[in-house]
Amino acid sequence: MNRVLSNLGLCNRAGGLVSGEEIVLESMAGGKVKYVFLAKDASEGAKKKIRNKAMYYHVEVDEGYSSAELSMAIGKFGRMVIGITNENFLKILKK
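What you see is a predicted model, and the numbers here were worked out from it, not measured in a lab.

Visitor: Can you help me understand the overall build of the chain in this one?
Guide: A count of helical and extended segments in the chain gives 5 helices and 4 strands. Across the chain, helices and strands are ordered from the amino to the carboxyl terminus as α-β-α-β-α-β-α-β-α. For 95 residues, the compact-globule estimate of 2.2 N^0.38 gives 12 Å, and the C-alpha radius of gyration of the chain, at 12 Å, lies within 12% of that figure. Counting only C-alpha atoms and orienting by the principal axes, one finds that the chain spans roughly 30 × 25 × 20 Å. Expressed as a percentage of its 95 residues, the buried residues of the chain come to 45%. Positive and negative side-chain charges in the chain, numbering 15 and 10 respectively, have mean positions lying 5 Å apart.

Written out as structure tokens, the structure is:
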């Protein structure tokens, strides 16, 4: 597992992220989500919805990982979207 995915697991255990399409969209609208991981194998409809909302709220989107990789990293099955809410973890993930 690469460093970003390992740090996603730590971020999850520390309560620094939200996952699931609707929760991430709501959190983005509330200004809580600072960065989004969107699975490269998500449906086109989901990708469009997340990208549009992220563009509107000026949130960067990373589409470099599959759903399986993201799900395994945070220990939750079937996750297509993860939103980072903790700015300190975001700094670590972006290094």
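Visitor: How do you make sense of helix H4 (residues 67-74) when you look at a structure like this?
Guide: An α-helix turns once every 3.6 residues. As a result, residues three or four positions apart point the same way. All buried positions along H4 are accounted for by Ser67, Leu70, Ser71, Ala73 and Ile74. Buried residues of H4, viewed axially, fall in a sector of 160°; they line one side. Pointing more than 90 degrees away from the buried face of H4 are the exposed residues Ala68 and Met72. Turning to H4, the residues buried within the fold contact helix H1 (3-13), strand S1 (17-19), strand S2 (35-38) and strand S4 (81-84). Positive phi shows up at Gly75, right after H4, with a value of about 75°.

Visitor: What exactly am I supposed to notice about the side chain of Lys47 here?
Guide: Note on placement: Lys47 falls in helix H3 (residues 44-56). If near-sequence neighbours (up to four positions away) are discounted, Lys47 is found in contact with Leu38, Ala39, Lys40, Ala42 and Glu63.

Visitor: What is the right way to look at the nonpolar core in this model?
Guide: Leu8, Met28, Val36, Phe37, Leu70, Ile82 and Ile84 are the most contacted members of the largest nonpolar core, which totals 29 residues. Where this core is concerned, the elements lending two or more residues are H1, S1, helix H2 (21-29), S2, H3, H4, S4 and helix H5 (87-94).

Visitor: Please explain the sheet that holds S1 as it appears in this structure.
Guide: Where strands meet in a sheet, backbone hydrogen bonds hold them as pairs that are either parallel or antiparallel. Within the open sheet, the 4 strands sit side by side as S1-S4-S2-S3. Their pairing is mixed. At either margin of the open sheet sits one strand with a lone partner, and together these are S1 and strand S3 (60-62). Each adjacent strand pair in this sheet contributes to an overall mean axis angle of 20°, direction not counted. Alignment of S2 against S3, held across 3 bridges, turns out to be parallel.

Visitor: Help me out: how do you make sense of the packing of H1 against H5 in this one?
Guide: Each pair of packed helices gets described by two things: the angle between the helix axes and the distance between those axes. For the pair H1 and H5, the least separation of the axes is 9 Å and the interaxial angle reads 165°. Taken together, the axis directions place H1 and H5 in an arrangement best described as roughly antiparallel. Of the two possible hands of crossing, H1 and H5 adopt the one that is right-handed. Between H1 and H5, the residues in contact are Arg3, Val4, Asn7, Leu8, Leu10 and Cys11 and Phe89, Ile92 and Leu93, respectively. Residue composition of the contact of H1 with H5, grouped by class: 7 nonpolar, 1 polar and 1 charged.

Basis of the calculations
Residues numbered from 1 in each chain as written. Predicted model: local features only at pLDDT ≥ 70, side-chain atom pairs only at ≥ 80, totals over all residues. Heavy atoms only, no water. Helix = DSSP H or I, 4+ residues; strand = E, 2+ residues; numbered from the N terminus. Rg over C-alpha atoms; globule rule 2.2 N^0.38 Å. Buried < 20%, exposed > 50% of the residue type's maximum accessible area, 1.4 Å probe, protein only. Lys, Arg positive; Asp, Glu negative; His and termini not counted. Charge placed at Lys NZ, Arg CZ, Asp CG, Glu CD. Arc of directions from axis to C-beta. Contact = heavy atoms within 4.5 Å. Core = buried A, V, L, I, M, F, W, Y, C linked by side-chain atoms within 4.5 Å. Pairing = 2+ DSSP bridges. Axes fitted to C-alpha atoms, helices over the stretch in contact; angles between N-to-C directions. Parallel < 35°, antiparallel > 145°, perpendicular 65-115°, else oblique. Left-handed = near helix turned anticlockwise from the far one by under 90°. Nonpolar A, V, L, I, M, F, W, Y, C, P; charged D, E, K, R; others polar.

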